[in-house]
Amino acid sequence: MKISVFIAILLSFMVFTNQILIDEARMNYNKVIKDEVLCKKMIVEFEKAKNKSALNLAYLGGFQTIWANHVFSPLKKLNTFNTGKKHIEMAIKNEPDNAEIKFIRLSVQKNAPSFLGYRSNIKEDTEFIKRNLHQIQSEILQENIKLLLEY
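Residues numbered from 1 in each chain as written. Predicted model: local features only at pLDDT ≥ 70, side-chain atom pairs only at ≥ 80, totals over all residues. Heavy atoms only, no water.

Caption draft 1: Representation of the environment of leucine 38 in the model. Here leucine 38 is to be found in helix 2 (residues 36-48). Exposure remark for leucine 38: the relative accessible area of 14% places this residue in the buried category. Put simply, leucine 38 and asparagine 28 are 10 residues apart on the chain and 7.9 Å apart in space, counted from C-alpha to C-alpha. Excluding anything up to four places from it in sequence, leucine 38 contacts Asn28, Lys31 and Val32. (Helix = DSSP H or I, 4+ residues; strand = E, 2+ residues; numbered from the N terminus. Buried < 20%, exposed > 50% of the residue type's maximum accessible area, 1.4 Å probe, protein only. Contact = heavy atoms within 4.5 Å.)

What follows is the structure, given as structure tokens:
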């Protein structure tokens, strides 16, 4: 009995902790393009997170693609961007109907240089997000989406 109570408390704590990380990611997502320290901090937080959900993987990938702007070497930029892209695509594969993950991919694709060849889902993701906007509960995420769609 005591073990099951302990496990339930531990699982509740993990869910609560992950929700804080997701909320922090939503609040900082638009800031990290200009804030190298914050971008690196978010990457580290998602890399060490115990929860390996598709949403966590997508945010890790999103922050990694943004991190490519902060590194100097062209090869390092490309490798960092491609790692982030791979994480985003894995997240999409795991949860293809998640509007927040599609938002992350859309934000990266709309801002990626065309020579990287990562722009093929802009129309599809935009339409998907518009159709599913009513399902998004987070006001911060709704504002981030609104800013992206206006851009």
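Caption draft 2: Quick peek at the packing of helix 2 against helix 3 (residues 54-67). Axis separation between helix 2 and helix 3 bottoms out at 9 Å; the angle between their running directions is 150°. In terms of orientation, helix 2 lies roughly antiparallel with respect to helix 3. In terms of crossing hand, the pair formed by helix 2 and helix 3 is left-handed. Listed contacts from helix 3 to Glu36, Cys39, Lys40, Met42, Ile43, Phe46 and Glu47 of helix 2 are Asn56, Tyr59, Leu60, Phe63, Gln64, Ile66 and Trp67. Grouping the amino acids of the contact of helix 2 with helix 3 by side-chain chemistry returns 9 nonpolar, 2 polar and 3 charged. (Axes fitted to C-alpha atoms, helices over the stretch in contact; angles between N-to-C directions. Parallel < 35°, antiparallel > 145°, perpendicular 65-115°, else oblique. Left-handed = near helix turned anticlockwise from the far one by under 90°. Nonpolar A, V, L, I, M, F, W, Y, C, P; charged D, E, K, R; others polar.)

Caption draft 3: Representation of the nonpolar core within the structure. Counting 40 residues, the largest nonpolar core has Tyr29, Met42, Phe46, Tyr59, Phe63, Phe103 and Ile104 as the members making the most contacts within it. Of the residues forming this core, the biggest block, 9 residues, is contributed by helix 3. Setting aside residues no more than four positions away along its own chain, methionine 42 makes contact with Leu21, Glu24, Ala25, Asn28, Val32 and Phe63. (Core = buried A, V, L, I, M, F, W, Y, C linked by side-chain atoms within 4.5 Å.)

Caption draft 4: The arrangement of the environment of alanine 112 in detail. In this fold, alanine 112 is placed in the loop between helix 5 (99-111) and helix 6 (122-132). The buried category is assigned to alanine 112, whose relative accessible area is 5%. Between the alpha carbons of alanine 112 and phenylalanine 81 there is a distance of 9.3 Å; along the sequence they are 31 residues apart. Those residues within four positions of alanine 112 in sequence are excluded, and the remaining contacts are Phe81, Tyr118 and Arg119.

Caption draft 5: Geometry of the layout of surface pockets. Size it by volume and the largest pocket reaches roughly 530 Å³. Contributing to the lining of the largest pocket are 23 residues, with Ile33, Ile66, Asn69, Ser107 and Asn111 lying nearest its centre. If you list the elements that add at least two residues to the lining of the largest pocket, you get helix 3, helix 4 (74-94), helix 5 and helix 7 (139-150). Taken together, the residues of the lining of the largest pocket sort by class into 16 nonpolar, 6 polar and 1 charged. (1 Å grid on protein atoms, 1.4 Å probe; cavity = no way out; pocket = protein on both sides within 12 Å on 5 of 7 lines; lining within 4 Å. Points joined across faces, edges and corners; volume = space filled by probe spheres on them.)

Caption draft 6: Layout of the side chain of asparagine 144. For asparagine 144, the location among the structural elements is in helix 7. Among the residues examined, asparagine 144 registers a relative accessible area of 7% and is labelled buried. For asparagine 144, the side chain forms a polar contact with the side chain of asparagine 30, separated by 2.9 Å. When neighbours within four sequence positions are excluded, asparagine 144 is seen to be in contact with Arg26, Tyr29, Asn30 and Phe103. (Polar contact = N/O pair within 3.5 Å; in protein donor to acceptor, adjacent residues only side chain to side chain.)

Caption draft 7: Region of the structure containing the pattern of salt bridges. Using the criterion set out here, one finds 7 salt bridges in the structure. Where aspartate 23 meets arginine 26, a salt bridge forms, and the shortest distance between an N and an O atom there is 3.3 Å. Of this pair, aspartate 23 and arginine 26 both sit in helix 1 (residues 2-28), separated by 3 residues, roughly a single helical turn. For arginine 105, the salt bridge goes to glutamate 124, with nearest N and O atoms at 3.5 Å. Of this pair, arginine 105 sits in helix 5 while glutamate 124 sits in helix 6, placing them 19 residues apart in sequence. Residue classification places arginine 105 among the buried residues on the basis of a relative accessible area of 3%. Each of the salt bridges in this network shares a partner with another, and the network as a whole consists of Glu89, Arg105, Glu124 and Asp125. (Salt bridge = Lys/Arg side-chain N within 4 Å of Asp/Glu carboxyl O.)

By themselves, these are just geometric observations and shouldn't be taken as functional.
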